[in-house]
Amino acid sequence: MSVACALGAGELSGRRAPGFSLPDSAGKQYDPLDYRGKVLVIDFMQVSCEHCVKFSAILEQARIRYGDKIAVLSVVNPPSEPKGVAAYIANGKIKSPILFDCGQVSYSYLKPTSQNIIIPHVFLIDADGMIRNDFGFGPETMPIFEGKALFTELDKMLAPKPAKK
């Protein structure tokens, strides 16, 4: 897979988040169903991607800022491998799990229409398991990946719902 930067926000949203169970480098399995009741942030990334490094730092800030109201899972595909991921975690002081996919989960989320996918690409999943928004890296989404716009999106998702009359 090669990397492209074309999609805007939300083009893959408005559907139930595909289920999966993926391992981290220690073999622990992670499943989105384990995070129902929280906002789940799923980040598709590569350890060799300079934009992913910046975004991982923002995801760590979000994890600290929102505490147990959110969960963050990052997903890598080959050519990222355990040794490279371990170095990435150590260098970035990453506390959120980085999971290993062979392409199937990425395909179910990103629904590529060609060999090109956008990395990084983040999905914001609500407490009921619905994808509420997604953002692929590009010029128009730079505030998400390198600024504070992710926090604005998470604030909207975590805001109390108005009472029904």
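Coordinates for the structure precede this section.
In this text, all values refer to a predicted model and were calculated from it rather than measured experimentally.

Draft legend 1. Main features of helix α5 (residues 149-158). Taken together, the buried positions of α5 are Leu-150, Phe-151, Glu-153, Leu-154 and Met-157. One side of α5 holds all its buried residues, which, seen down the axis, span an arc of 160 degrees. Among the structural elements, β4 (39-45), α1 (50-66), β5 (70-76), β8 (121-125), β9 (131-136) and α4 (142-146) are those in contact with the buried residues of α5.

Draft legend 2. Seen up close, unusual backbone geometry. A cis amide bond, omega 20 degrees, links Pro-78 with the succeeding residue Pro-79. Following the sequence through the fold, Pro-79 ends up in the loop between β5 and α2 (82-92). Residue Ile-119 is joined to Pro-120 through a cis peptide bond whose omega torsion reads -5 degrees. Along the polypeptide, Pro-120 turns up in the loop between β7 (116-117) and β8. One non-glycine residue with positive phi stands out, namely Lys-93, at about 50 degrees. Mapping Lys-93 onto the fold places it in the loop between α2 and β6 (98-100). The phi dihedral of Lys-111 falls on the positive side, at around 45 degrees, and the residue is not glycine. Under the relative-accessibility criterion, Lys-111 is labelled partly exposed at 47%.

About the thresholds
- Residues numbered from 1 in each chain as written.
- Predicted model: local features only at pLDDT ≥ 70, side-chain atom pairs only at ≥ 80, totals over all residues.
- Heavy atoms only, no water.
- Buried < 20%, exposed > 50% of the residue type's maximum accessible area, 1.4 Å probe, protein only.
- Helix = DSSP H or I, 4+ residues; strand = E, 2+ residues; numbered from the N terminus.
- Arc of directions from axis to C-beta.
- Contact = heavy atoms within 4.5 Å.

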